[in-house]
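Per-entry structural report
Below, each chain spelled out in residue letters.
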Amino acid sequence: MRASRSYFNYCLQHATIGHIVLLFMVLLLPTVFAPFHADDFFHLLMLSDDALLTRSAEHTLFGLFSFVDSDAQNRAQLLQYGVLPWWSSEDFYFRFWRPISELSHWLDMQLMPRSALWAHLHSIVWFLALIWPLRLLLQYSLKPSKALLLLALAIFVLDGQHIMTISWIANRNALLAAFFALWVLYFHMRSTRQAGFSIIACGFYLIALACGEIALSILAYVFFYSLLLDPRPRVQRALGFLPYGVISLVYLMLYQHLGFGADTSSTFYISPLTEPLNFMAHAIERTGVYFLAAFMPVMAGSSWIGGETIPWLRPLVLALALLFAALCLWWVYKQQDYFKASPALYFWLLSGIFSIVPVCSTLAQDRLALFQTLGIDIAIAILIYQALSRRAEGSMISPVVAKGLVFIHLLLSPLHLFLGSVFIHKESLRLQEHALSFNAGKALTDKRVFIFTFPMGQASTLMGMRRALSASVPDSVFIAAGVEAQLSVTQLSASQLRLHRRPGFVIGHETSFRSIDKKPFTEQALISMAGVQVLIERVDTEGRAEQLLLNFTEPLDSGRWLFYALNQKGDLQEYTWPSKMGTVQHF
């Protein structure tokens, strides 16, 4: 036991921040050389003034994060090219106000146009820049030894849960918001002892909010600092927090008034302003998932990624998350006397847990967990250091538990970072190849594409990727359904298809675009798409469409339409209709 402690202390005494950064860069090398991914291609098109998809730039600089707005032309184009599926509700919108983040992507295009390498390095620089304010915050709140400081920075920088936050270029807004938000916390801490810093903190808060709405998460840190570490009387503490509350309230009111935010469905995005009770219910569930992912090498997204194809995955992850959260709460209760004696540990732990609440409006995703990992990683570092340092007497956890945490956060978590980096690199290449090769080299110009089933997460970027990579783009794309259930298709005539599906259309990930509870289908309803009209022939008792009749404006065998189906490898393959009409085909 003493030998392991001695080795642990030896490593901490001889390590430097430079060693941590070097190891981080080695682990992240696959990401550095990865191509663009998903929304990155739409950013390229918009910053190149490409006319394929127009976005409203009202109240924004370039409209990079106005994914779906109320503009009729924008919506028609998104439906035409398969970015939105045919079942999308009429009032679906999805747009965010992030002007400073938009400027960072514009700067990429000015300095190194269409260079994924440059854009990745740009994002990595912002992530590593977090070390600067984080180091000051640790010194101010903990007055740590060199060993504890390096341990906290190592656990945070090498945290595998950050991989999507860093590697997805379009997600840079979270890094920018976190950088400026940490300065909010630092100057707020300073303001409790020196006058004048409160104005600086509020200024940085405004900048952070202009980077991304995720900056709201810093309020948890400011609140718990005021509650636990602020040396001033209670009234002054409350008055010190008040400016941030006022700024946040005005920001949220303007945000909604100007048409920003999202109105999708209760499964994908829940507005805390319009659906507070529904938001609170899902926040409890999602906070548990994030909490589990922060302590264990579990992806937060595993609570929903399985969709309808792996029905047991979501309840399993949720059960584990809630059980783990309950055990942790029991442990905190048993250790409450120690927490009272260590308010700094309590501050970082509670701030990390509650900072995740603002992002619980959408599905749990690792790329949104940066503010949470900040506080919890520091709390973990404190617990490990207390248990394994030479002054381990009276620590909250045993040395055995501390070693387990070291194994998870300094071995498994960096491995997660590396493997995640490799996965992102390969997945980006696969999606790019998928978008370019599915038509087997045939030109898609003046064609219409019909895809029977396709993963909805990839469908929205398929044509944008082709356009950005200078490949031909069809006149329209129609995707009949996602991959959550089998689709049955019957050709009724030269220009008619009947589609049948149990348990119906709009299930699993498809519900991101329409809430059946709010917008049920009605029989005989007609939906007009480019080159085809969708007639709802039959709906179930919940209002979910079960059977569709598709009327095409041109015969199916005219050469105008190209039909594609997924093969066993998950690739799109051109489909040829059987000679006998009326045969039921399954996809």
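This one's a predicted model, so the numbers in the text were calculated from it and none came from an experiment.

**Examining the overall build of the chain**
Each helix and strand in the chain was counted, giving 22 helices and 13 strands. Taking all 587 residues of the chain together, 58% fall into the buried category. In the chain, of all internal contacts separated by at least 6 residues, the share reaching a separation of at least 24 is 74%. Total accessible area on the chain is roughly 24,900 Å²; 64% of this is exposed by carbon and sulfur atoms. Between the centroid of the 42 positive side chains of the chain and the centroid of its 38 negative side chains there is a distance of 11 Å.

**A closer look at the packing of aromatic side chains**
Geometrically, a pair of aromatic rings is defined through the distance of the ring centres and the angle of the planes. If you walk through the whole model with that rule in mind, you get 45 aromatic pairs. A centroid spacing of 6.1 Å and a plane angle of 45° characterise the contact between Trp126 and Phe180, whose relative ring orientation is tilted. Of the two residues, Trp126 sits in helix H7 (residues 116–129) while Phe180 sits in helix H11 (residues 172–191), which places them 54 residues apart along the sequence. A relative accessible area of 21% places Trp126 in the partly exposed class.

**Notes on the pairing of strand E9 (residues 532–539)**
Of all 8 residues in E9, 6 are buried, a share of seventy percent or more. Hairpin connection between strand E8 (residues 526–529) and E9: a loop of 2 residues separates the two successive antiparallel strands, and Gly531 in this loop has a positive phi of roughly 85°. Here E9 pairs with strand E10 (residues 545–552) via 7 bridges, running antiparallel. Looking across to E10, one finds that Val534 is bridged to Leu550.

**A word on a nonpolar patch on the surface**
Taken together, Leu61, Leu103, Trp106, Leu107, Leu111, Met112 and Trp118 make up a surface patch of nonpolar side chains, about 600 Å² in accessible area. Considering every element that reaches the nonpolar patch, the biggest residue donor is helix H6 (residues 99–111), with 4 residues. Here Met112 shows up in the loop between H6 and H7. By relative accessible area, Met112 is classed as partly exposed at 39%.

**Examining the sheet that holds strand E7 (residues 496–500)**
With antiparallel pairing, 6 strands are arranged side by side in an open sheet as E8-E9-E10-E7-E6-E13. Looking along the sheet, the strands with just one partner apiece sit at the ends: E8 and strand E13 (584–586). When the angles between neighbouring strand axes are averaged without regard to direction, this sheet yields 25°.

**Side note on helix H4 (residues 39–47)**
Extensive coverage of H4 is indicated by the burial of 9 of its 9 residues. Every buried residue belonging to H4 is among Asp39, Asp40, Phe41, Phe42, His43, Leu44, Leu45, Met46 and Leu47, and all of these are buried. Buried residues along H4 sit against strand E1 (66–68), H6, helix H20 (399–437) and helix H22 (462–468). At the exit of H4 stands Asp49, carrying a positive phi of roughly 60°.

**Overview of the sheet that holds strand E4 (residues 448–453)**
For sheets, the rule is that strands pair by backbone hydrogen bonds, running either parallel or antiparallel. Pairing is mixed across the open sheet formed by 4 strands, whose spatial order is E5-E4-E11-E12. The open sheet terminates on both sides in strands that have one partner only, identified here as strand E5 (476–481) and strand E12 (572–574). Taking each pair of neighbouring strands and ignoring which way they run, the sheet shows an average axis angle of 30°. The pairing of E4 with strand E11 (residues 561–566) spans 4 bridges and is classified as parallel. The residue of E11 that forms the bridge with Ile451 is Tyr564.

**Re the pattern of salt bridges**
Taken as a whole, this structure holds 13 salt bridges when the rule is applied. Glu546 is the salt-bridge partner of Arg538, the closest N and O atoms lying 3.4 Å from each other. Judged by relative accessible area, Arg538 falls into the partly exposed class, the value being 30%. Glu542 is the partner of Arg544 in a salt bridge, and the nearest nitrogen-oxygen pair spans 2.8 Å. Salt bridges here are not isolated pairs; linked through shared partners, they connect Arg448, Asp475, Glu554 and Arg560.

**Describing the packing of H6 against helix H12 (residues 197–211)**
To describe two helices that pack against each other, one gives the angle between their axes and the distance between the axes. Running from N to C, H6 and H12 point in directions that differ by 60°, and their axes come no closer than 5 Å. Seen from H6, the contacting residues are Pro99, Ile100 and Ser101; seen from H12, they are Ile207, Ala210 and Cys211. Per-class residue counts for the contact of H6 with H12 are 5 nonpolar, 1 polar and no charged.

**As for the environment of Leu219**
Structurally, Leu219 is set in helix H13 (residues 218–228). Leu219 sits 135 residues away from Phe354 along the chain, and the two C-alpha atoms are 9.2 Å apart. Beyond its immediate chain neighbours, meaning those up to four positions away, Leu219 contacts Tyr205, Phe241, Tyr244 and Ser248.

**Points about the packing of H13 against helix H14 (residues 234–257)**
Two numbers describe how H13 lies on H14: the axes approach to 9 Å, and their chain directions differ by 165°. Judged by the angle between their axes, H13 and H14 are roughly antiparallel. Pair H13 / H14 crosses with left-handed handedness. When H13 is examined against H14, the residues Leu219, Val222, Phe223, Ser226 and Leu227 are found in contact with a partner set consisting of Arg237, Phe241, Tyr244 and Ser248.

**Things to note about the environment of Phe127**
For Phe127, the position within the fold is in helix H7. The spatial distance from the C-alpha of Phe127 to the C-alpha of Ile527 is 45 Å, given a sequence separation of 400 residues. Not counting residues within four places of it along the chain, the set of residues in contact with Phe127 comprises Phe24, Phe156, Val157, His162, Ile166, Leu175 and Leu370.

**Things to note about unusual backbone geometry**
The omega torsion of the bond from Arg502 to Pro503 falls at 15°, within 30 degrees of zero and hence cis. Looking at the secondary structure, you find Pro503 in the loop between E7 and E8. In this structure, Val506 is a non-glycine residue whose phi angle is positive, near 65°. Mapped onto the secondary structure, Val506 falls in the loop between E7 and E8. In this structure Val506 comes out as buried when scored by relative accessible area, which is 0%.

Definitions and cut-offs
- Residues numbered from 1 in each chain as written.
- Predicted model: local features only at pLDDT ≥ 70, side-chain atom pairs only at ≥ 80, totals over all residues.
- Heavy atoms only, no water.
- Helix = DSSP H or I, 4+ residues; strand = E, 2+ residues; numbered from the N terminus.
- Buried < 20%, exposed > 50% of the residue type's maximum accessible area, 1.4 Å probe, protein only.
- Contact = heavy atoms within 4.5 Å.
- Areas by Shrake-Rupley, 256 points an atom, 1.4 Å probe, with all protein chains shown as cover.
- Lys, Arg positive; Asp, Glu negative; His and termini not counted.
- Charge placed at Lys NZ, Arg CZ, Asp CG, Glu CD.
- Phe/Tyr/Trp six-rings, centres within 6.5 Å; stacked < 30°, edge-to-face > 60°.
- Pairing = 2+ DSSP bridges.
- Patch = residues over 30% accessible without salt bridge, like charges linked within 9 Å, V, L, I, M, F, W, Y side chains within 5 Å.
- Salt bridge = Lys/Arg side-chain N within 4 Å of Asp/Glu carboxyl O.
- Axes fitted to C-alpha atoms, helices over the stretch in contact; angles between N-to-C directions.
- Nonpolar A, V, L, I, M, F, W, Y, C, P; charged D, E, K, R; others polar.
- Parallel < 35°, antiparallel > 145°, perpendicular 65-115°, else oblique.
- Left-handed = near helix turned anticlockwise from the far one by under 90°.

Bear in mind that shape data such as this cannot, by itself, settle questions of function.
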